Amino acid sequence: MDIKMSIDNLTVCGNAFGDIESYYAEEVAVDRRSFSKYPYRDMIHHQDGSVLQIGEINAVRSGKIKELRYEFNPNKKTYEKLHTKVLRLMKDAHFTRVDIAFDVYGVDMSNWKWVDSQSRPFLVYHGGGGQIETWYVGGKDSEIRIRIYNKALEQGDKRKTPWWRVEVQLRRSAANIFTAYKGQIGINPFEHVTPVLQGEFLELDIKKRAMLKYLIDHPEGFKELSKPSRIEYKRLLRMAGSWETIDFRKLWDEKIPEVQSEIQSWLNYPMKY
């Protein structure tokens, strides 16, 4: 098994500081310009797939949005220092979305269940053979959402080695934590989410065994438990899950400091006054 953690997508918003029109006319990495949906009016597309959006003036004046929004994948560096050039067009910049990915090689997750003890919305998509291909924990507008999917299938990778991706999507205040905070990020997306295989759990007594099996299939049942019982069954769920799956909660705590440093480095660039 091999696990690689990386930043998959960043979205930064801020007010205009540089000359946008000159940038558009002179930057060789610009592909085209198009209209955008409200509350933005224009989109500048770059050849590496990143997009700079310009806010509609009335929406900006109302305080609804900042003047600029830039979405990019820091792993795609087709043009040297392109992302830094765009970020230098902004002031008062902050993150509004951060996507962090775990690429897991050599482990088949098609039989895993992702149990959320907070009973948030979830979606599961199956393939033609009934196997799980994608699992979402959290709604599409949630500040924290986890997407688990068969990356090898998505990429058309026909090698026999399994390749799955566990992608954490942080939005709004959850993403903005990365803007300036220098200590340990006080957020773990896997605090209430545990991957498990439906085992027999023979090490537990029959009552706990039956309850755990029920909660795996019906996570909404956590809401009906007393607080001490919720804490106890969350503990048992983590213990049972980590035996046969991967402890992503622990992995996040171990890896996030170095990722945090890389994320914050994108806003620690010298401004051109």
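Placed above this text is the structure.
Read on for a plain summary of the structure. (Residues numbered from 1 in each chain as written. Predicted model: local features only at pLDDT ≥ 70, side-chain atom pairs only at ≥ 80, totals over all residues. Heavy atoms only, no water.)

1. Brief notes about the pairing of strand β6 (residues 90-105)
Our working rule: Strand pairing is assigned whenever DSSP identifies at least 2 bridges connecting the two strands. The numbering of helices and of strands both runs from the N terminus, where a helix is a DSSP run of H or I of at least 4 residues and a strand a run of E of at least 2.
Bridge count for strand β1 (residues 2-16) against β6 is 13 bridges, and the pairing is antiparallel. Along β6, the bridge assignment pairs Asp2 with Tyr105. Across 9 bridges, the pairing between β6 and strand β11 (residues 163-171) is antiparallel. Across the sheet, residue Ala101 finds its bridge partner in β11, namely Glu167.

2. Section: the nonpolar core
What counts here: To qualify as a nonpolar core, a set must consist of buried Ala, Val, Leu, Ile, Met, Phe, Trp, Tyr and Cys residues joined through side-chain atoms within 4.5 Å. Only protein chains enter the area calculation, which uses a 1.4 Å probe; residues under 20% of their type maximum are buried, those over 50% are exposed, and those in between are partly exposed.
Grouped together as the largest cluster of nonpolar side chains are 54 residues, with contacts concentrated most on Phe95, Met109, Trp114 and Phe248. Top element by residues in this core is β6. It accounts for 7 residues.

3. Structural notes on helix α8 (residues 248-265)
The criterion, for reference: Expected helix span is taken as 1.5 Å per residue step, with the number of steps being one fewer than the number of residues. By definition, a residue's bend is the angle between the axes fitted to the seven residues ending there and the seven starting there. Two N or O atoms form a polar contact when they lie within 3.5 Å of each other; inside protein one atom must be a possible hydrogen donor and the other a possible acceptor, and for residues adjacent in sequence the pair counts only when both atoms belong to side chains.
Between its terminal C-alpha atoms α8 stretches 25 Å, which fits the 26 Å expected from 18 residues at 1.5 Å a residue. Its maximal kink placed at Ile256, α8 deviates by approximately 45°, while the proline Pro257 follows within four residues. Phe248, Leu251, Trp252, Ile256, Val259, Gln260, Ile263 and Gln264 are the residues of α8 that are buried. The opening residue of α8, the one whose side-chain oxygen lies 3.3 Å from the backbone nitrogen of Arg249, is Asp247.

4. Side note on empty space enclosed by the protein
This is how the line gets drawn: Only protein atoms enter the 1 Å grid used here, on which a cavity is any set of points holding a 1.4 Å probe that cannot leave and a pocket is any open set flanked by protein within 12 Å on both sides along at least five of seven lines; residues with an atom within 4 Å of a point are listed as lining. Grid points are joined across faces, edges and corners, and a volume is the space filled by probe spheres set on the points. Nonpolar residues are Ala, Val, Leu, Ile, Met, Phe, Trp, Tyr, Cys and Pro. Charged residues are Asp, Glu, Lys and Arg, and all others, Gly as well, are polar.
All told, the structure shown has 2 cavities of 30 Å³ or more when counted by the stated rule. If you add up the space inside the second largest cavity, you get close to 30 Å³. Lining the second largest cavity are Ser117, Glu191, His192, Val193, Thr194, Lys234, Leu237 and Arg238. At the level of secondary structure, the elements contributing two or more residues to the lining of the second largest cavity comprise β12 (193-196) and α7 (227-244). The biggest single contributor to the lining of the second largest cavity is α7, with 3 residues. Looking at side-chain class alone, the lining of the second largest cavity contains 2 nonpolar, 3 polar and 3 charged residues.

5. Points about helix α6 (residues 206-217)
End to end, α6 covers 17 Å across 12 residues, agreeing with the expected 16 Å (1.5 Å per residue, within 8%). For α6, the N-terminal cap is Asp205; the gap from its side-chain oxygen to the backbone nitrogen of Lys207 is 3.1 Å.

6. Quick look at unusual backbone geometry
In this structure, Pro39 follows Tyr38 across a cis peptide bond, with omega equal to 15°. Its identity is not glycine, yet Asp92 carries a phi of approximately 55°, on the positive side. With respect to the element layout, Asp92 can be found in strand β6. Although it is not a glycine, Arg172 sits at a positive phi angle of roughly 50°. Along the polypeptide, Arg172 turns up in the loop between β11 and α5 (173-176). A residue is classified by how much of its surface remains accessible, and Arg172, at 42% relative accessible area, is partly exposed.

7. Comments concerning the side chain of Asn9
The line we're drawing: Note on contacts: a residue pair is in contact if any heavy atoms of the two residues lie within 4.5 Å.
Position of Asn9 among the secondary structure elements: in strand β1. A polar contact is formed between the side chain of Asn9 and the side chain of Glu71, at a distance of 3.4 Å. The residues contacting Asn9, other than those within four sequence positions of it, are Glu71, Phe72, Asn73, Pro74, Arg97, Val98 and Asp99.

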